[in-house]
Amino acid sequence: MTKTLRYLKPYTGTVVLGLILKFLGSVSELFLPLLLEWIIDDVAANDSLTGNEKMKWTFVLGGFMLLCAVVALFGNILANRLTVKSSGRMTHDLRYDLFKKTCYLNSRQVDGFGVPSLISRLTSDSYYVNQMVARTLRLGVRAPILILGGLILAFAQDVVLALVLLACVPLVGITVFLINRKSIPMFTGVQKKQDDMVRRTQENVTGVRVIKALNKNEYEMQKFEDVTQDLASTEFRANRTMSLSNPLATLILNFGLVALIVVGAVRHSDSGLVLAFLQFFTIILNAMISLAKIFVVISRGSASAARIESVLAMDTEEKIGDFPGGDESRKIEFRDVNFSYNGVENNLENISFAISAGQTLGIIGPTGSGKSTVINLLMRFYDVGSGQIFIDGKDVRNYPNTELRKKFGVVFQNDFLMAASVRENVDYGRNLTDGQINKAIDCAQAREFVDGLDGGLNFDLAQKANNLSGGQKQRLLVARALASHPEILILDDSSSALDYATDAALRKALAREYASSTKIIVAQRISSIKHADLILVLDDGKIIGAGKHEDLVETCGEYNLIYSTQMGAEREAS
Ligand SMILES: Nc1ncnc2c1ncn2[C@@H]1O[C@H](COP(=O)(O)OP(=O)(O)O)[C@@H](O)[C@H]1O
Ligand SMILES: [Mg+2]
């Protein structure tokens with residue numbers, strides 16, 4: 001937790017000032033019962049004073065009481081404001097760093113945490129840390145001062161009555177401790193359940209179409225209900241246990257009050273003194289209850305801090321390797337690459353191929369055969385298990401990430417557009433000229449529909465570009481990939497929503513305008529890759545056919561099968 005608390009350091013001044021004000025406020029509060037006792041016992045019941053003197057002293061001491069009350073009020077208000085400020089800013093900084101770290105995590109690290117868990121670390125966990133810091137600053141000083149100061153003042157007033165009070169404090173302390181020990185682990189359980197709920201919500205929101213299409217609303221609602229029910233009952237159990245502490249503490253208080261009055265009566269104590277002790281008692285007890293609540297927020301907050309710190313502790317530093325070089329005449333080369341996501345079964349096995357600059361590589365194969373994985377490895381989202389991948393004869397692990405990624409223009413499978421203008425989506429913060437953007441739009445076959453949009457390049461896309469058709473989205477994504485005129489262009493299943501004619505026009509434009517770019521086209525349709533210089537047929541992570549279209553039709557049974565089934569559709573379309 002120390003790493004998290006270090007985020008308070010820049011706000012030390014605010015924190016210290018807040019604590020001083022809190023101290024002043026709390027001490028003033030403690031003086032109230034004392035002043036009251038003086039008025040009752042030493043002024044009102046003092047027969048050696050005249051009526052006028054009594055009046056005068058009552059006003060003076062009453063004035064002090066008013067002053068103490070005002071100091072207590074404003075001290076607390078100001079202190080709380082400062083607390084909100086420092087805890088708020090510190091949470092902001094923490095969240096910022098956490099988000100930044102999350103952005104730099106590599107794909108393996110993201111897989112390890114899981115996206116829903118990263119989301120809840122950024123949202124609810126940082127909220128719990130905020131609550132912990134805010135509550136502790138607000139009550140962490142006040143409660144001990146009230147307890148300790150209350151006891152000191154009580155002892156200074158009357159040792160016997162103070163002992164009665166002191167006897168009750170450990171009783172309350174033990175009760176609260178026992179309850180906390182049981183309920184705190186329960187609250188940690190709540191956090192895990194929350195991860196589950198975020199995961200479910202995320203799945204539901206992203207998969208809403210499929211769920212509707214398959215009429216699985218009821219089914220999903222039931223599953224969601226299960227998760228939320230689980231969360232609610234875990235939280236309920238934790239809070240139920242926790243909520244025992246207040247009534248039990250009050251019960252002990254009431255016994256204590258009775259004992260106090262009995263002892264006071266037996267010893268013929270002054271009524272003002274007993275009254276003051278009743279107040280001390282209440283103040284101390286409330287302070288103990290709030291201390292108990294702090295323990296809960298601290299334990300919850302420290303669990304959250306640990307979850308956040310485990311992300312912050314990830315090593316995201318770039319390691320530039322020193323692997324042996326390959327054939328510099330090849331633009332891209334895979335040399336006997338093996339790879340596994342989970343370290344158990346291989347997702348790619350013995351993958352070897354090479355293409356030269358300006359050539360086109362086509363990859364075809366059933367879903368799950370490893371097509372996207374080839375792209376993931378080439379762009380170094382994951383490192384190979386064994387073997388080597390070269391770009392321009394240099395192992396991809398020898399490139400700084402920014403230098404490597406700059407080489408690519410890519411449309412991922414299920415890629416997304418932002419809720420921003422067409423121009424911003426194609427430019428994507430790269431400060432491209434209108435000339436570059438327009439050229440990309442032309443080549444991506446998006447000219448006609450972009451010109452038809454209200455405002456053209458300035459047309460605003462809705463969230464996830466829901467105001468465009470699937471084919472229009474794909475064309476804009478292709479334009480985005482093309483706009484920087486990349487050395488290597490990758491289209492992962494990104495012509496599936498285009499009709500045959502548009503797809504063909506796109507291929508021609510690519511060959512004409514982007515002749516120097518090396519192209520990798522992943523497709524389900526043979527027509528999209530037919531003209532490639534090299535076609536890989538993947539199945540279950542292995543290359544089961546490699547060559548040009550004409551050769552594969554002859555030599556690769558699976559390829560031939562796909563070809564003959566698709567030929568009919570193609571002939572119909574043209
Ligand atoms: N992040 C991941 N973690 C674990 N397994 C994965 C991950 N991504 C893909 N896989 C698995 O790797 C295999 C190949 O996936 P992929 O390359 O996406 O196939 P394709 O693009 O050919 O449809 C599949 O079995 C898939 O389930
Ligand atoms: Mg894929």
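All figures in this text were calculated on a predicted structure; none of them were measured in a lab.

### Some remarks on the site of ligand 1
Part 1 of the reasoning: The full set of residues close to ligand 1 is D111, Y341, N347, P366, T367, G368, S369, G370, K371, S372, T373 and Y382.
Part 2 of the reasoning: G370 places a main-chain nitrogen or oxygen 3.0 Å from an oxygen atom of ligand 1.
Part 3 of the reasoning: With respect to ligand 1, the backbone of K371 contributes an N or O atom lying 2.9 Å from an oxygen atom.
Part 4 of the reasoning: With the chains in place, 62% of the 560 Å² that ligand 1 exposes on its own is no longer accessible.
Part 5 of the reasoning: Residues belonging to the shell around ligand 1 are distributed by class as follows: 3 nonpolar, 7 polar and 2 charged.

### Some points on helix α7 (residues 159-206)
Part 1 of the reasoning: Taking 1.5 Å as the rise per residue, α7 with 48 residues should run 70 Å; its terminal C-alpha atoms sit 68 Å apart, in good agreement.
Part 2 of the reasoning: Taking the largest bend as the criterion, α7 deviates by roughly 30 degrees, centred on R181, and proline P185 comes between one and four positions later.

### Considering the packing of helix α5 (residues 115-139) against α7
Part 1 of the reasoning: At a minimum axis separation of 9 Å, α5 and α7 run at an interaxial angle of 130 degrees. Comparing their axes, α7 and α5 come out oblique. In terms of crossing hand, the pair formed by α5 and α7 is right-handed. In this structure, α5 contributes V115, P116, S117, I119, S120, S124, D125 and Y128 to the contact, and α7 contributes Q191, Q194, D195, V198, R199 and Q202.

### What to know about the sheet that holds strand β7 (residues 488-492)
Strand pairs in the sheet, formed through backbone hydrogen bonds, run parallel or antiparallel to each other.
Part 1 of the reasoning: The mixed open sheet is built from 6 strands, whose spatial order is β6-β7-β8-β3-β9-β10. Each edge of the sheet is formed by a strand with only one pairing partner; in this case those strands are β6 (408-411) and β10 (542-547). Sheet twist, expressed as the average angle between the axes of neighbouring strands with direction ignored, equals 15 degrees.
Part 2 of the reasoning: Bridge analysis of strand β3 (residues 360-364) against strand β9 (residues 534-539) gives 4 bridges, and the strand direction is parallel.

### Some thoughts on the coordination of the magnesium ion (ligand 2)
Part 1 of the reasoning: Bound to the magnesium ion (ligand 2) on the protein side are S372 (OG) and Q413 (OE1), at distances that span 2.0 to 2.1 Å. One end of the pair, S372, is in helix α12 (residues 371-378); the other, Q413, is in the loop between β6 and α14 (422-427), with 41 residues separating them in the sequence.
Part 2 of the reasoning: Overall, the relative accessible area of 22% leaves S372 in the partly exposed class.

### Observations concerning the domain arrangement of the protein
Part 1 of the reasoning: Each assigned domain of the protein is listed with its residue range as follows: domain 1 (2-312), domain 2 (321-407 + 488-574) and domain 3 (415-485).
Part 2 of the reasoning: Centre-to-centre separation of domain 2 and domain 3, based on C-alpha positions: 25 Å.
Part 3 of the reasoning: Tallying the contact residues gives 17 residues for domain 2 and 13 residues for domain 3.
Part 4 of the reasoning: Taken together, domain 2 and domain 3 are joined by 0 salt bridges.
Part 5 of the reasoning: On the surface where domain 2 and domain 3 come into contact, there are 1 residue pair in polar contact (both at pLDDT 80 or more).
Part 6 of the reasoning: Elements that contribute at least two residues to the side of domain 2 that touches domain 3 include exactly β7 and α18 (500-513).
Part 7 of the reasoning: When residues in the side of domain 2 that touches domain 3 are grouped by element, the largest group, 6 residues, is from α18.
Part 8 of the reasoning: For the side of domain 2 that touches domain 3, a count of residues per class yields 9 nonpolar, 6 polar and 2 charged.

### A word on the environment of Q279
Part 1 of the reasoning: Structurally, Q279 is set in helix α11 (residues 271-312).
Part 2 of the reasoning: Residue classification places Q279 among the partly exposed residues on the basis of a relative accessible area of 31%.
Part 3 of the reasoning: Along the backbone, Q279 and G150 are 129 residues apart, and their C-alpha atoms lie at a distance of 9.4 Å.
Part 4 of the reasoning: Setting aside its immediate chain neighbours within four residues, Q279 contacts P33 and L36.

### Some words on the sheet that holds strand β1 (residues 332-339)
Part 1 of the reasoning: In space, the 4 strands of this open sheet follow the order β2-β1-β4-β5, with antiparallel pairing throughout. The open sheet has two edge strands, β2 (348-355) and β5 (394-395), and neither has a second partner.
Part 2 of the reasoning: The strands touched by α12 within the sheet are β1, β2 and β4 (386-391), with β1 carrying the most contacts at an inclination of about 110 degrees.

### A word on helix α17 (residues 470-482)
Part 1 of the reasoning: Between the first and last C-alpha of α17 there are 18 Å, a value that for 13 residues agrees with the 18 Å anticipated at 1.5 Å per step.
Part 2 of the reasoning: The element α17 is extensively covered by neighbouring structure, given that 11 of its 13 residues are classed as buried.
Part 3 of the reasoning: Looking at the buried side of α17, the elements it contacts are β6, α14, α15 (434-443), α16 (447-452), β7 and α18.

How each quantity is defined
- Residues numbered from 1 in each chain as written.
- Chains lettered and ligands numbered in written order.
- Predicted model: local features only at pLDDT ≥ 70, side-chain atom pairs only at ≥ 80, totals over all residues.
- Heavy atoms only, no water.
- Near = heavy atom within 4 Å.
- Polar contact = N/O pair within 3.5 Å; in protein donor to acceptor, adjacent residues only side chain to side chain.
- Areas by Shrake-Rupley, 256 points an atom, 1.4 Å probe, with all protein chains shown as cover.
- Nonpolar A, V, L, I, M, F, W, Y, C, P; charged D, E, K, R; others polar.
- Helix = DSSP H or I, 4+ residues; strand = E, 2+ residues; numbered from the N terminus.
- Expected span 1.5 Å × (residues − 1).
- Bend = angle between axes of the 7 residues up to and from the residue.
- Axes fitted to C-alpha atoms, helices over the stretch in contact; angles between N-to-C directions.
- Parallel < 35°, antiparallel > 145°, perpendicular 65-115°, else oblique.
- Left-handed = near helix turned anticlockwise from the far one by under 90°.
- Contact = heavy atoms within 4.5 Å.
- Pairing = 2+ DSSP bridges.
- Donors = N, O, S within 2.8 Å, 3.2 Å for Na, K, Ca; no water.
- Buried < 20%, exposed > 50% of the residue type's maximum accessible area, 1.4 Å probe, protein only.
- Domains from an automatic or database assignment.
- Salt bridge = Lys/Arg side-chain N within 4 Å of Asp/Glu carboxyl O.

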